[in-house]
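Structural characterization, general
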Amino acid sequence: VINIMARWGEGDPRWIVEERPDATNVNNWHWTEKNACGWSQDKLKELLVGLRMESDLADCHLIEMEKIEGEAVANNRKGKLIFFYEWDITLSWKGRLKGGTQASEGKIHIPNLSEENDISEVEITVTLKESSPEGEIIKDFLHNCGSEKIREKLKLYVVMLKEEFSKGMILPKKDAEENHETKDQQITNLSSGFSAKIQMNQVNKSPTNNKDSKAIDVTSLKVSQSFQCKGEDFYRAMITPEMVSAFTNGPCKLEP
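To keep things clear, this report deals only with the structure shown in the data block. Worth saying up front: this structure is predicted, and the values here are computed from it rather than measured.

1. Some thoughts on the nonpolar core
Grouped together as the largest cluster of nonpolar side chains are 37 residues, with contacts concentrated most on Trp-87, Ile-108, Ile-110, Leu-113, Ile-150, Leu-154 and Tyr-157. Looking at this core, the elements with two or more residues in it are α2 (37-48), β3 (58-77), β4 (80-97), β5 (104-114), β6 (125-128) and α3 (133-166). A total of 9 residues in this core trace back to one element, the largest contributor, which is α3.

Shown next as C-alpha cells:
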C-alpha cells in the first residue's frame, strides 16, 4: 500500500518521490552534524604523548596527557563543511641536558586549541615542577624549540580531523545528466502529470493534384494514462467528488 501511495502521481513535476544518492538530505541543504570528540581525544593523545624533542642541548619527551577538555564537531550546511573544535590540554614532560645527570620534570599547558585561532597563535605554556639551574635551561629549550614541534602535531591533528570527518558529510547530488533526453526525444515524448504520455507522430501527407491547394501540416495526438492502483480504487476516485477535485486540482460537479 505504501509503495502504491508513493508512486501515485509519478511523472507530475511536483512528484518528489525518487531514488537519489542525496535522498536523506537533498542537495545537502539541511544542517547535519558529526561528533568528533572521542576521535579527537584519541588522536591528540596519539600525536602528543611520547613526542620527543631533542637537540645538541637537551633531550625531552612528553610522558602523559593529564587533562584534555573540550569538544569537536563537524557540520554540513548548504553543502559547506564547518568544523568547530576547542581543546584545553595539559601534558607532563620529562627531560635532561645532554651530558647531564639530573632529570627535570614539568607540565605543558595548551589552553586555546580552537578553530578561532591560527596554529601559530595557540598558547603553549611550559612550567617546571622543581626549579633548578638545569631545569630552567630545559624549560627555555622547550619554550623556544619544543613548542614548534608541538604546533606541528596540532596542525596535523586539524588536517586529519577535516579529512576524517569530511567523509560522507556531503552527499553526491543527483546527476543532472542521468535522465538526459535529446531535443527530439523531448518533443516526441512529452511528460504530463500522473504518468500520462502524449505521443506525437508525424502523419504522412497524401499527394494531391490540386495545384492551388496548400499543404497543411497535421499530426495525430494519442493520449494514454497510467494509474498505479487497483481497478476498484480508480472507480471510486472517478465517482467521489473530493477525489476528482484532488485529481483535477479544481472544483468539480459530477453528473448522475
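2. Some thoughts on the packing of α2 against α3
Relative orientation of the contacting elements α2 and α3 amounts to 145°, with a least axis distance of 10 Å. Note on packing geometry: the crossing formed by α2 with α3 is right-handed. Residues Trp-39, Ser-40, Lys-43, Leu-44, Leu-47 and Leu-48 of α2 pack against Ile-150, Lys-153, Leu-154, Leu-156, Tyr-157, Met-160, Leu-161, Glu-164 and Phe-165 of α3.

3. Description of the environment of Ser-92
Position of Ser-92 relative to the elements: it lies in strand β4. Residue classification places Ser-92 among the buried residues on the basis of a relative accessible area of 6%. Separated by 16 residues in sequence, Ser-92 and Ile-108 have C-alpha atoms that sit 6.1 Å apart.

4. Let's talk about α3
Counted at 1.5 Å a residue, the expected span for α3 with its 34 residues is 50 Å, and the 48 Å between its end C-alpha atoms agrees. Of all the bends in α3, the largest measures some 45° and sits at Gly-146.

5. Focus on a nonpolar patch on the surface
A grouping of Phe-234, Tyr-235, Met-238 and Ile-239 is seen on the molecular surface, where their side chains present a nonpolar patch of about 380 Å² in accessible area. Its location among the elements puts Ile-239 in helix α5 (residues 231-239). Accessibility expressed as a relative area gives 43% for Ile-239, which makes it partly exposed.

6. Brief notes about the side chain of Ser-104
Mapping Ser-104 onto the fold places it in strand β5. If we ignore the near neighbours within four places in the chain, the residues touching Ser-104 are Trp-93, Lys-94, Gly-95, Leu-128, Ser-132, Glu-134, Gly-135 and Ile-138.

7. Here's the deal with a negative patch on the surface
A cluster of acidic residues, Glu-33, Glu-71, Glu-86, Glu-115 and Glu-116, forms a negative patch at the surface. You can see Glu-33 is positioned in strand β1 (residues 32-35). Residue class for Glu-33 comes out exposed when judged on its relative accessible area of 53%.

Definitions and limits used
Residues numbered from 1 in each chain as written. Predicted model: local features only at pLDDT ≥ 70, side-chain atom pairs only at ≥ 80, totals over all residues. Heavy atoms only, no water. Core = buried A, V, L, I, M, F, W, Y, C linked by side-chain atoms within 4.5 Å. Buried < 20%, exposed > 50% of the residue type's maximum accessible area, 1.4 Å probe, protein only. Helix = DSSP H or I, 4+ residues; strand = E, 2+ residues; numbered from the N terminus. Axes fitted to C-alpha atoms, helices over the stretch in contact; angles between N-to-C directions. Left-handed = near helix turned anticlockwise from the far one by under 90°. Contact = heavy atoms within 4.5 Å. Expected span 1.5 Å × (residues − 1). Bend = angle between axes of the 7 residues up to and from the residue. Patch = residues over 30% accessible without salt bridge, like charges linked within 9 Å, V, L, I, M, F, W, Y side chains within 5 Å. Areas by Shrake-Rupley, 256 points an atom, 1.4 Å probe, with all protein chains shown as cover. Salt bridge = Lys/Arg side-chain N within 4 Å of Asp/Glu carboxyl O. Lys, Arg positive; Asp, Glu negative; His and termini not counted. Charge placed at Lys NZ, Arg CZ, Asp CG, Glu CD.

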